[in-house]
Amino acid sequence: TLGICYASVPLYKVFCQATGFGGTTKRATIEKARSLHTVHEARPIRIFFESNVSEQLGWEFVPQQRDIIVKPGETALAFYTARNTTDTPLTG
């Protein structure tokens, strides 16, 4: 049973990476992105943008627009502004 416990961790990680389960992000290939098409008969959806940054990080990160409206499959850009609130250079 100990071996099953050790084996379940990497298997669970692979499952999450493949499905996006558990908040795991997925990356699309350029071929996949090019194959997406707007579903014109679909209802538009509104996407809201938020940002939360710990005060200890020393920077602000805010969306340039509160929301956008798109149809499924449609591509859109969202812009954020980052501002260093300290006197020293930051990277991240």
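Quick notes on the rules
Within each chain, residue numbers correspond to sequence positions counted from 1 in written order. With pLDDT at 70 or above as the cut-off, local features in this predicted model cover only qualifying residues; side-chain atom pairs require 80 or more to be listed or tallied, and sums for whole chains, interfaces and linings still use all residues. Note: side-chain values were computed over all heavy atoms of the structure, leaving out hydrogens and water. A patch consists of residues exposed above 30% relative accessible area that lack any salt bridge, with like charges linked at up to 9 Å and nonpolar side chains (Val, Leu, Ile, Met, Phe, Trp, Tyr) linked at up to 5 Å. With residues, only the protein chains shown are counted as cover, and all accessible areas are computed by Shrake-Rupley using a 1.4 Å probe. Salt bridges are counted wherever a side-chain nitrogen of Lys or Arg sits within 4 Å of a carboxyl oxygen of Asp or Glu. Strands here are runs of E lasting at least two residues and helices are runs of H or I lasting at least four, both read from the DSSP assignment and numbered beginning at the N terminus. Each residue is assigned to one of three classes by its accessible area relative to the maximum for its type, calculated with a 1.4 Å probe on protein chains only: buried under 20%, partly exposed between the two thresholds, exposed over 50%. Between two residues, a contact is recorded if the distance between any of their heavy atoms is within 4.5 Å. Between rings of Phe, Tyr and Trp, where Trp is taken as its six-membered ring, a pair exists when centres lie within 6.5 Å; planes separated by under 30 degrees are stacked, by over 60 edge-to-face, and by other angles tilted.

Once that is clear, we can look at a nonpolar patch on the surface. The grouping of Y12, F15 and F21 at the surface amounts to a nonpolar patch, some 330 Å² of accessible area in total. Within the element layout of this structure, F21 appears in the loop between α1 (2-19) and α2 (30-35). Residue F21 is classed as partly exposed on the basis of its relative accessible area, which comes to 46%.

Bringing the side chain of Q65 into the picture now. Looking at where Q65 falls in the secondary structure, it is placed in the loop between β2 (59-63) and β3 (67-70). Setting aside its immediate chain neighbours within four residues, Q65 contacts F49, L77, A78 and F79.

Considering all chains together, one arrives at three aromatic pairs under this definition. Ring centres 4.8 Å apart and planes at 10° place the aromatic pair F61 and Y80 in the stacked group. Here F61, found in strand β2, pairs with Y80, found in strand β4 (residues 80-84); they are 19 residues apart in sequence, far enough to count as distant. Looking at Y80, the relative accessible area reads 29%, which means it is partly exposed. Aromatic rings pair up to connect F49, W59, F61 and Y80 into one cluster.

Purely geometric stuff here, so don't read any function into it on its own.
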